[in-house]
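The lines below spell out each chain.
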Amino acid sequence: MKKIIAFWFLISCVSCKSNNHETPSTGENSDSLHQLLQKYAPGLGEIMGGIQTHHAKLWYAGINDNWKLAQYESDELKERFVQATQVETERTEVKMVPMMYPANDSINDAIGRKNLDQFKSGFKLLTASCNSCHRANNFEFNIITIPTAPPVSNQDFKVH
Ligand code: HEC
């Protein structure tokens, strides 16, 4: 009798575990996770909109010798590129994302040294890399430039 009770207990534990929806281990659950990602993940164009803003903010932080903000914007920029490779796995263009990393490294180095000339040349390389990828993917009509006006009016890029 004890054995039967123990067996029944074991079975009920196993079935309660398989009813636990918080652990997506079955093929069915991972399919629906994939569908959710497809539905809610930002599109590549949206991610690029964020990248465009960080690109412009990075420039204004750098030319104002605001190195802490510049480092923040540079990290955000890189995060968006990494995000593009993670969520836009069906877009072949994202395979070219690593071409951005040398420019990103060079900017980070300039920020570490607080070297404005090096920052400006790193930024030119960064902008040229944006355009290289656009050209390589038939988006040559989408031309990125060094900004000529701050991207927003409600943020101060100077150091205080
Ligand atoms: C790996 C390739 C690649 C790199 C690198 C890249 N882009 Fe893009 N970009 C694209 C593609 C592809 C699109 C078109 C996306 C779409 O709309 O589906 C795009 C679109 C855009 C758009 C249009 C989005 C809009 O709302 O107008 C902007 C702006 C943009 N990119 C900015 C940048 C900037 C700034 C950089 C560099 C810091 C950059 N991109 C680097 C591939 C790239």
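Residues numbered from 1 in each chain as written. Predicted model: local features only at pLDDT ≥ 70, side-chain atom pairs only at ≥ 80, totals over all residues. Heavy atoms only, no water.

Draft legend 1. Seen up close, the overall build of the protein. Summing up its helical and strand segments, the protein has six helices and zero strands in all. Secondary structure elements of the protein, listed N to C terminal, follow the sequence α-α-α-α-α-α. Looking at the protein as a whole, 31% of its 160 residues qualify as buried. For the protein, the proportion of contacts with a sequence separation of at least 24, taken over those separated by at least 6, is 67%. Accessible surface computed for the protein: about 10900 Å², of which carbon and sulfur atoms make up 57%. (Helix = DSSP H or I, 4+ residues; strand = E, 2+ residues; numbered from the N terminus. Buried < 20%, exposed > 50% of the residue type's maximum accessible area, 1.4 Å probe, protein only. Contact = heavy atoms within 4.5 Å. Areas by Shrake-Rupley, 256 points an atom, 1.4 Å probe, with all protein chains shown as cover.)

Draft legend 2. Expanded view of a nonpolar patch on the surface. Side chains of L33, L36 and Y40 sit close together on the surface and give an oily, nonpolar patch of about 340 Å² of accessible area. Structurally, L36 can be placed in helix 2 (residues 27-40). Judged by its relative accessible area of 44%, L36 is partly exposed. (Patch = residues over 30% accessible without salt bridge, like charges linked within 9 Å, V, L, I, M, F, W, Y side chains within 5 Å. Salt bridge = Lys/Arg side-chain N within 4 Å of Asp/Glu carboxyl O.)

Draft legend 3. Representation of the packing of aromatic side chains within the structure. Counting across every chain of the model gives six aromatic pairs. Each ring, one from Y60 and one from F157, has its centre 6.0 Å from the other, and the planes form 45 degrees; the classification is tilted. Placement of Y60 in helix 3 (residues 44-63) and of F157 in the segment after helix 6 (116-136) is noted, with a sequence separation of 97 residues between them. Exposure class is identical for Y60 and F157. Each is buried. Taking the centre distance of 5.8 Å and the plane angle of 75 degrees together, the rings of W67 and F119 count as edge-to-face. On the criterion of sequence distance, the pair formed by W67 in helix 4 (residues 67-87) and F119 in helix 6 is long-range, its members being 52 residues apart. Linked through ring pairs, W59, W67, F119 and F123 together constitute an aromatic cluster. (Phe/Tyr/Trp six-rings, centres within 6.5 Å; stacked < 30°, edge-to-face > 60°.)

Draft legend 4. A look at unusual backbone geometry. Positive phi outside glycine occurs at D65, with the angle close to 55 degrees. Look at D65 and you get partly exposed, because its relative accessible area is 40%. Although it is not a glycine, K114 sits at a positive phi angle of roughly 55 degrees. Within the secondary structure layout, K114 lies in the loop between helix 5 (101-113) and helix 6. Assessed through its relative accessible area of 59%, K114 is described here as exposed.

Draft legend 5. Quick peek at the site of the ligand. Residues in close proximity to the ligand total 18 residues, the closest being M48, R91, C130, C133 and H134. Between the ligand and R91, the relevant distance is 3.0 Å, taken from an oxygen atom to a side-chain nitrogen or oxygen of the residue. Measuring from a nitrogen atom of the ligand, one finds a side-chain N or O atom of H134 at 2.8 Å. Counting only elements with at least two residues in the shell around the ligand, the list comes to helix 3 and helix 6. Examining the composition of the shell around the ligand, we find that six residues originate from one element, helix 3, more than from any other. Residue classes in the shell around the ligand are distributed as 11 nonpolar, five polar and two charged. (Near = heavy atom within 4 Å. Polar contact = N/O pair within 3.5 Å; in protein donor to acceptor, adjacent residues only side chain to side chain. Nonpolar A, V, L, I, M, F, W, Y, C, P; charged D, E, K, R; others polar.)

Draft legend 6. Focus on the coordination of the iron atom of the ligand. The protein atoms that coordinate the iron atom of the ligand are M48 (SD) and H134 (NE2), at distances spanning 2.1 to 2.4 Å. Here the iron atom of the ligand binds six donor atoms, and the angle range of 86 to 179 degrees at the metal identifies the geometry as octahedral. Here M48 is found in helix 3, whereas its partner H134 is found in helix 6, with 86 residues between them in sequence. The class of M48 is partly exposed, set by a relative accessible area of 29%. Since its relative accessible area comes to 15%, H134 is described here as buried. (Donors = N, O, S within 2.8 Å, 3.2 Å for Na, K, Ca; no water. Tetrahedral: all angles 85-135°; square planar, octahedral: opposite > 155°, others 65-115°.)

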